[in-house]
Amino acid sequence: SQTIHQWPATLVQPVGSPLSLECTVEGTSNPNLYWYRQAAGRGLQLLFYSVGIGQISSEVPQNLSASRPQDRQFILSSKKLLLSDSGFYLCAWAGGTDTQYFGPGTRLTVL
Amino acid sequence: DQQVKQNSPSLSVQEGRISILNCDYTNSMFDYFLWYKKYPAEGPTFLISISSIKDKNEDGRFTVFLNKSAKHLSLHIVPSQPGDSAVYFCAASASAGAQKLVFGQGTRLTINP
């Protein structure tokens, strides 16, 4: 069966520090991969998606970037965090067309 | 521009009664719709979906209704149970299934004993 992992589960970072969140998927190959953010009291906002290694589409201009160095690995990064980057970050994968499957999420607090 | 809207931020329902969650969309190209359930500090889990060629899909206690002319869908949960208390998101896609989803803001459902 397929499994999606995200780490860390929680993270507290100072403003201006770098960020690296990692997502890996097991049990499937060539998945579509997604990064979402849920800000406090808001819905899910699609940040990036990838249909293959090295292929990244950005949905919202921002302080973040994404990379896909391996088929089942998706990384969300920032060189300098802003207060507004705080939120709940979710990674998701899709293997077919029926649904997307979400990871457990990372709670990021920027102070 | 919010293409998928859930206008009720919260809903409170008595245990055993029916819960009805609503969702409206503006993009007529959307042809596939999903509902997700989310507990605090967890990722959303898929509940049920419907294609635009149907107007109803049922799975156990969950039924989704689609009214294409009104650009409206709803999720019915009956009977409601305490474990149903969560945030519910509707999502829509215009790209051959769930490959690229647009989510609503979510509705917090509370089931009261």
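Placed above this text is the structure.
Residues numbered from 1 in each chain as written. Chains lettered and ligands numbered in written order. Predicted model: local features only at pLDDT ≥ 70, side-chain atom pairs only at ≥ 80, totals over all residues. Heavy atoms only, no water.

Looking only at helices and strands, one finds zero helices and 11 strands in chain A. Overall, chain A shows an N-to-C arrangement of helices and strands of β-β-β-β-β-β-β-β-β-β-β. Relative to a compact globule of 111 residues, whose C-alpha radius of gyration would be 13 Å, chain A shows 13 Å and is just as compact. On the principal axes, the C-alpha backbone points of chain A span a range of 40 × 25 × 20 Å. (Helix = DSSP H or I, 4+ residues; strand = E, 2+ residues; numbered from the N terminus. Rg over C-alpha atoms; globule rule 2.2 N^0.38 Å.)

What follows deals with the state of the cysteines. Under the defined criterion, the tally for this structure stands at two disulfides over all chains. The disulfide partner of A:Cys23 is A:Cys91, and the gap between their sulfur atoms is 2.0 Å. Here the disulfide of A:Cys23 and A:Cys91 is left-handed, its torsion about the S-S bond being about -75 degrees. Residue A:Cys23 is located in strand β3 (residues 19-26), and its partner A:Cys91 is located in strand β9 (residues 87-94); the two are separated by 68 residues in the primary sequence. The two residues A:Cys23 and A:Cys91 agree in class, both being buried. What pairs with B:Cys23 in a disulfide is B:Cys90, and their sulfur atoms sit 1.9 Å apart. The disulfide joining B:Cys23 to B:Cys90 has a torsion of about 60 degrees about its S-S bond and is therefore right-handed. Here B:Cys23 is found in strand β3 (residues 19-25), whereas its partner B:Cys90 is found in strand β9 (residues 86-93), with 67 residues between them in sequence. Of the two residues, B:Cys23 and B:Cys90, both sit in the buried class. (Disulfide = S-S within 2.5 Å. Buried < 20%, exposed > 50% of the residue type's maximum accessible area, 1.4 Å probe, protein only.)

Before going further, it helps to examine the sheet that holds strand β8 (residues 73-78) of chain A. Residue and element names in this part refer to chain A. The antiparallel open sheet is built from four strands, whose spatial order is β1-β3-β8-β7. Two strands lie at the open edges of the sheet, namely β1 (3-7) and β7 (65-70), each paired on one side alone. Adjacent strand axes in the sheet meet at a mean angle of 20 degrees when their direction is disregarded. Inspection of the sheet shows β3 paired to β8 by six bridges, in the antiparallel sense. The residue of β8 that forms the bridge with leucine 19 is serine 78. (Pairing = 2+ DSSP bridges. Axes fitted to C-alpha atoms, helices over the stretch in contact; angles between N-to-C directions.)

On the surface, B:Ile18, B:Ile20 and B:Val78 cluster together to form a nonpolar patch covering roughly 230 Å² of accessible area. Relative to the elements of secondary structure, B:Val78 occurs in the loop between β8 (72-77) and β9. (Patch = residues over 30% accessible without salt bridge, like charges linked within 9 Å, V, L, I, M, F, W, Y side chains within 5 Å. Areas by Shrake-Rupley, 256 points an atom, 1.4 Å probe, with all protein chains shown as cover. Salt bridge = Lys/Arg side-chain N within 4 Å of Asp/Glu carboxyl O.)

Right, let's talk about the side chain of A:Gln73 for a bit. Inspection of the secondary structure assignment puts A:Gln73 in strand β8. At 2.6 Å, the side chain of A:Gln73 and the side chain of A:Glu22 are in polar contact. (Polar contact = N/O pair within 3.5 Å; in protein donor to acceptor, adjacent residues only side chain to side chain.)

Residue and element names in this part refer to chain B. Read from one edge to the other, the open sheet built from five strands follows the order β1-β3-β8-β7-β6, with strand pairing classed as antiparallel. Edge positions in the sheet fall to β1 (4-5) and β6 (56-59), since each of these pairs with one other strand and no more. In this sheet, β8 lies alongside β3 in antiparallel orientation, the contact comprising six bridges. Directly across from isoleucine 20, in β8, lies its bridge partner histidine 76.

Residue and element names in this part refer to chain B. Burial along strand β11 (residues 107-112) is one-sided: the residues Thr107, Leu109 and Ile111 are buried and none of Arg108, Thr110 and Asn112 is. Note that strand β2 (residues 10-14) and β11 share five bridges and pair parallel. Within β11, the position partnered with serine 10 by the bridge is arginine 108.

We now examine the nonpolar core. Ranked by internal contacts, the top residues of the largest apolar core, which has 23 residues, are B:Phe33, B:Trp35, B:Leu73, B:Leu75 and B:Tyr88. When residues of this core are traced back to their parent elements, those giving at least two are β3, β4 (32-38), β5 (45-51), β7 (62-67), β8, β9 and β11 of chain B. Sorting elements by how many residues they give to this core places β9(B) first, with four residues. Beyond its immediate chain neighbours, meaning those up to four positions away, B:Leu75 contacts B:Ser19, B:Ile20, B:Leu21, B:Trp35, B:Leu47, B:Ile48, B:Phe62, B:Thr63 and B:Tyr88. In terms of nonpolar packing, the next biggest core, distinct from the first, is built from 20 residues, A:Leu11, A:Phe74, A:Tyr89 and A:Trp93 among them. (Core = buried A, V, L, I, M, F, W, Y, C linked by side-chain atoms within 4.5 Å. Contact = heavy atoms within 4.5 Å.)

Taken together, the contact pairs 19 residues of chain B with 21 residues of chain A. Around 1,500 Å² of area is buried between chain B and chain A when both sides are counted, 53% of it from carbon and sulfur atoms. Ranking the residues of chain B by area buried against chain A places B:Gln99, B:Lys100 and B:Phe103 at the top, with a combined share of 35%. Our count for the contact surface shared by chain B and chain A stands at one salt bridge. (Buried area = accessible area lost by both parts, 1.4 Å probe.)

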